[in-house]
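The lines below spell out each chain.
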Amino acid sequence: MINLFAEQIPLEHGLIVAVILFALGFVGIMVRRNILFMLISIEIMMNAAAMAFVIAGSRWLQPDGQIMFIMILTLAAAEASIGLAIVLRIYRQFHSLDIDAASEMRG
């Protein structure tokens, strides 16, 4: 039988890449004032977390990481749809995607 996991990347390397992606997303949220870029940064952070789950699951040969990836993927889809609806509402009302315009919205 052929061992399919012989050429697997080390756990540390995969987690380092996930941490770097998460840090880039976090910096994007802290630095940017545009709502669209902030949504993209949140997506990057969620993908980094999903990547960490998949890497850890493959290390211990458990499907739990892939199950968590599917759950994170559905959360990202819901976040994208609601976030884009909010972006459209803010742009139609204020003609700007600046995050400070969101504080002036009234419900």
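Residues numbered from 1 in each chain as written. Predicted model: local features only at pLDDT ≥ 70, side-chain atom pairs only at ≥ 80, totals over all residues. Heavy atoms only, no water.

Q: When you look at the environment of M51 in this model, what are you seeing that I'm missing?
A: Within the element layout of this structure, M51 appears in helix 2 (residues 35-59). Take M51: its relative accessible area is 27%, and that puts it in the partly exposed class. Along the primary structure M51 and A18 are separated by 33 residues, whereas in three dimensions their C-alpha atoms are 6.2 Å apart. Other than its neighbours up to four places away in sequence, M51 contacts G14, V17, A18 and L21. (Helix = DSSP H or I, 4+ residues; strand = E, 2+ residues; numbered from the N terminus. Buried < 20%, exposed > 50% of the residue type's maximum accessible area, 1.4 Å probe, protein only. Contact = heavy atoms within 4.5 Å.)

Q: For this particular structure, what's the right way to read a nonpolar patch on the surface?
A: On the surface, F22, F26, V27, M30 and V31 cluster together to form a nonpolar patch covering roughly 500 Å² of accessible area. When you line up the elements, V31 lands in helix 1 (residues 11-31). Overall, V31 belongs to the exposed group, its relative accessible area being 60%. (Patch = residues over 30% accessible without salt bridge, like charges linked within 9 Å, V, L, I, M, F, W, Y side chains within 5 Å. Areas by Shrake-Rupley, 256 points an atom, 1.4 Å probe, with all protein chains shown as cover. Salt bridge = Lys/Arg side-chain N within 4 Å of Asp/Glu carboxyl O.)

Q: For this particular structure, what's the right way to read the packing of aromatic side chains?
A: Ring pairs (aromatic) are described by centroid distance and by the angle formed between their planes. In the structure shown here, the tally under the stated rule is 0 aromatic pairs. When the ring centre of F37 is taken as reference, the NZ or CZ atom of R32 above it lies at 4.3 Å. (Phe/Tyr/Trp six-rings, centres within 6.5 Å; stacked < 30°, edge-to-face > 60°. Lys NZ or Arg CZ within 6 Å of the ring centre and 35° of its normal.)

Q: Help me out: how do you make sense of the packing of helix 2 against helix 3 (residues 64-94) in this one?
A: The relative placement of two packed helices is expressed as an angle between their axes plus a distance between the axes. Taken N-terminus to C-terminus, the directions of helix 2 and helix 3 make an angle of 175 degrees; their axes are 9 Å apart at the nearest point. Viewed along their axes, helix 2 and helix 3 adopt a mutual orientation that is roughly antiparallel. From helix 2, I35, L36, L39, I42, E43, M46, A49, A50, F53, V54 and G57 reach across to helix 3, where they touch G65, M68, F69, I72, L75, A76, E79, A80, G83, L84, V87 and I90. Residues that form the contact of helix 2 with helix 3 fall into these classes: 18 nonpolar, 3 polar and 2 charged. (Axes fitted to C-alpha atoms, helices over the stretch in contact; angles between N-to-C directions. Parallel < 35°, antiparallel > 145°, perpendicular 65-115°, else oblique. Nonpolar A, V, L, I, M, F, W, Y, C, P; charged D, E, K, R; others polar.)

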